[in-house]
Amino acid sequence: MSQQLKQFEHVVSPPKKRSRVSENNPYWEKKLSESQISLLEIHDKSDWVNVELFQDYKTPKGIMKKIHWKLPSTKEKNITCGKFKTLGCFNLMGHPDNQAYIQHTKLSCFRSACEYCWMEKWLARESRRSTLRIEKYESVMKQLGKTRFNKPIHVIVSPSWNDKFMRYDLLKKKCREILDKAGIKGGLLIYHPFKLDKKKMKWVCMPHFHVVGFGWLLDNNKNTDKQGWVIKNKGVRQSLHSTIYYQLSHAGVADNIHSITWFGELGYRSKYAELIKVENEEPNDNCEFCGEILVNAVFVATDRPPPDKEFIGLVDSWDWLPTESKTMYFQKILDEKIISLDFDFY
Ligand SMILES: [Zn+2]
Ligand SMILES: [Zn+2]
Ligand SMILES: [Zn+2]
């Protein structure tokens, strides 16, 4: 058994790339940023959860449907959303100051519609991944020596009065055509069915698109065949990430429809698709400091309640205890038969 475990450990638990915490920053704690706080304020003070729009849609297979658009965060959470999962490494000798390594993080469904997970989990992850995809594209272009139009721009495309409530698939198609004519060769598209009237703190139905993309926006005044559509270059004033974060925070959310569409050179069928692909974020099952596999842990101090913030890092070891041994952990994995098939044990 010990030989097997050794082999097992070697194959499934190589220390992964360090993230968030390091020797110099051994502790990370989640705090709400200013923009998150103001977003929650708008969420609470406006009619955020009630605004809705029904829009016709023809699926790629030709089936007619009605899309029910809402803002994010309008559906009930799952039972486990927000529950803490605590993992730890108690190989104290392998850590700075003989501290324990603890990952105290919340479980999440990562749904945009979830009232609990939408901001801290869905929005955070989607905007991070989208930023990465765009940055990867930028660096591929740099490597290829393409230096023209290699900075992302933020463009708003507003349909004409007559087209505003046309079938969603046609609306999107027309938006793409207009972008194409205007010289935007690829990027992401976020659909906003609603716009906030800040004076009344009410959301109004006013469909438009936000684009973060690459290309040269041709002079609009000379662009005569837009049929009343308006296209505006807003530039990327803050960081790329905050631009995407903000636009995605009040994107249209509907069942079975992605809130972000990638198109052109940044699309999933582009010739660069493999190069700019962002890998799925796997949960880290290994200690950031010694590489050992993490086990379930529990807070045992009695002078205060368990921490209600998410954190990762080194903490006083006497506040925490493992609730399983590494052997139990491996046994559990064996029992669950989640060992990859090409790993030949027997
Ligand atoms: Zn959730
Ligand atoms: Zn908007
Ligand atoms: Zn460790």
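Since this is a predicted model, take the numbers as computed values, not measurements. (Residues numbered from 1 in each chain as written. Chains lettered and ligands numbered in written order. Predicted model: local features only at pLDDT ≥ 70, side-chain atom pairs only at ≥ 80, totals over all residues. Heavy atoms only, no water.)

Time to look at the overall build of the protein chain. On a plain count of helices and strands, the protein chain comes out with six helices and 13 strands. Long-range contacts, defined here as pairs at least 24 residues apart, represent 74% of the contacts in the protein chain between residues at least 6 apart. Element-wise, carbon and sulfur atoms account for 52% of the exposed surface of the protein chain, whose accessible area totals about 20,200 Å². (Helix = DSSP H or I, 4+ residues; strand = E, 2+ residues; numbered from the N terminus. Contact = heavy atoms within 4.5 Å. Areas by Shrake-Rupley, 256 points an atom, 1.4 Å probe, with all protein chains shown as cover.)

Note that side chains of opposite charge can pair when their charged atoms are close. In this structure the tally under the stated criterion is 15 salt bridges. A salt bridge links Lys151 to Glu138, with the shortest nitrogen-to-oxygen separation between them at 3.0 Å. Residue Lys151 is located in the loop between helix H3 (118–143) and strand E6 (153–158), and its partner Glu138 is located in helix H3; the two are separated by 13 residues in the primary sequence. According to the relative accessible area criterion, Glu138 is buried, its value standing at 15%. The salt bridge partner of Lys173 is Glu177, with a shortest N-O separation of 3.8 Å. Here Lys173 and its partner Glu177 are both found in helix H4 (residues 168–182), four residues apart, which amounts to about one turn of the helix. Each of Lys30, Glu120, Lys121 and Glu310 takes part in one network of salt bridges that share partners. (Salt bridge = Lys/Arg side-chain N within 4 Å of Asp/Glu carboxyl O. Buried < 20%, exposed > 50% of the residue type's maximum accessible area, 1.4 Å probe, protein only.)

Attention now moves to the confidence of the model for the protein chain. Residues at a pLDDT of 70 or more form 86% of the protein chain, whose mean pLDDT is 87. Below pLDDT 50 for its whole length, residues 1–18 participates in 29 contacts with residues either more than four positions away or in separate chains. Between residues 339–346, whose pLDDT stays under 50, and residues either more than four places distant or in other chains, the model counts 11 contacts. (pLDDT = per-residue confidence, 0-100.)

In this section: the coordination of the zinc ion (ligand 1). For a metal with four tetrahedral donors the ideal donor-metal-donor angle is 109.5 degrees, whereas six octahedral donors ideally subtend 90 or 180 degrees. Looking at the zinc ion (ligand 1), the protein donor atoms are Cys81 (SG), Cys109 (SG), Cys114 (SG) and Cys117 (SG), and they sit 2.3 Å from it. With four donor atoms in place around the zinc ion (ligand 1) and angles of 105 to 118 degrees between them, the coordination shape is tetrahedral. (Donors = N, O, S within 2.8 Å, 3.2 Å for Na, K, Ca; no water. Tetrahedral: all angles 85-135°; square planar, octahedral: opposite > 155°, others 65-115°.)

Let us look at a positive patch on the surface. Among the surface-exposed residues, Lys195, Lys198, Lys232, Lys234 and Arg237 lie close enough to one another that they form a single positively charged patch. Relative to the helices and strands, Lys232 resides in strand E9 (residues 230–233). Here Lys232 falls in the partly exposed class, since its relative accessible area comes to 47%. (Patch = residues over 30% accessible without salt bridge, like charges linked within 9 Å, V, L, I, M, F, W, Y side chains within 5 Å. Lys, Arg positive; Asp, Glu negative; His and termini not counted. Charge placed at Lys NZ, Arg CZ, Asp CG, Glu CD.)

The subject of this paragraph is the packing of aromatic side chains. One pass over the full model with this rule turns up 13 aromatic pairs. Measuring from centroid to centroid gives 5.1 Å for Trp69 and Tyr168, while their planes differ by 70 degrees, and the two rings are edge-to-face. One end of the pair, Trp69, is in strand E3 (residues 64–69); the other, Tyr168, is in helix H4, with 99 residues separating them in the sequence. What makes Tyr168 buried here is its relative accessible area of 4%. Across from the ring centre of Trp28, 4.2 Å away, lies the NZ or CZ of Arg20, which sits over that ring. Geometry around Phe110 places Arg125 over its ring, the cationic atom sitting 3.7 Å from the centre. (Phe/Tyr/Trp six-rings, centres within 6.5 Å; stacked < 30°, edge-to-face > 60°. Lys NZ or Arg CZ within 6 Å of the ring centre and 35° of its normal.)

Our focus in this paragraph is the coordination of the zinc ion (ligand 3). At 2.0 to 2.3 Å from the zinc ion (ligand 3) lie its protein donor atoms, namely Cys89 (SG), His95 (NE2), Cys287 (SG) and Cys290 (SG). Counting gaps between the donor residues of the zinc ion (ligand 3) yields the pattern C-x5-H-x191-C-x2-C. Note on Cys287: relative accessible area 3%, which makes it buried. Judged by its relative accessible area of 27%, Cys290 is partly exposed.

The five strands are arranged E9-E6-E8-E7-E10 in an open sheet whose pairing can be described as antiparallel. Edge positions in the sheet fall to E9 and strand E10 (260–264), since each has one partner strand and no second. Averaged over all pairs of adjacent strands, the angle between their axes in this sheet comes to 25 degrees, without regard to strand direction. As defined by bridge partners, E6 adjoins E9 across four bridges and the pair is classed as antiparallel. Each residue of the ladder has a partner; that of Val155, found in E9, is Asn233. (Pairing = 2+ DSSP bridges. Axes fitted to C-alpha atoms, helices over the stretch in contact; angles between N-to-C directions.)

In this structure, Pro159 sits in the loop between E6 and H4. Each C-alpha atom of the pair Pro159 and Met206 lies 9.2 Å from the other, and the pair is 47 residues apart in sequence.

Another aspect to go through is the nonpolar core. Core analysis: the largest hydrophobic core is formed by 53 residues, its most contacted members being Trp69, Ile134, Val155, Val157 and Leu179. Considering each element in turn, this core owes the most residues, eight residues, to H3. For Ile134, the residues in contact, after removing those within four places along its chain, are Pro152, Leu188, Val212, Phe214, Leu240, Ile244, Trp262 and Leu266. Counting nine residues, the second-largest nonpolar core is a separate cluster that includes Val21, Leu87, Cys89 and Leu314. (Core = buried A, V, L, I, M, F, W, Y, C linked by side-chain atoms within 4.5 Å.)

With that settled, consider a nonpolar patch on the surface. A contiguous nonpolar patch, built from Val298, Val300 and Leu321 and spanning about 210 Å² of accessible area, is present on the exposed surface. With respect to the element layout, Val300 can be found in the loop between strand E11 (295–299) and strand E12 (311–315).

Here strand E2 (residues 53–58) shows one buried face, formed by Leu53, Gln55 and Tyr57, and one open face, formed by Phe54, Asp56 and Lys58. With six bridges connecting them, E2 and E3 associate as antiparallel partners. Among the inter-strand pairings, Phe54 is bridged to a residue of E3, identified as His68. Hairpin connection from E2 to E3: five residues lie between these consecutive antiparallel strands, with Gly62 at a positive phi of about 90 degrees.

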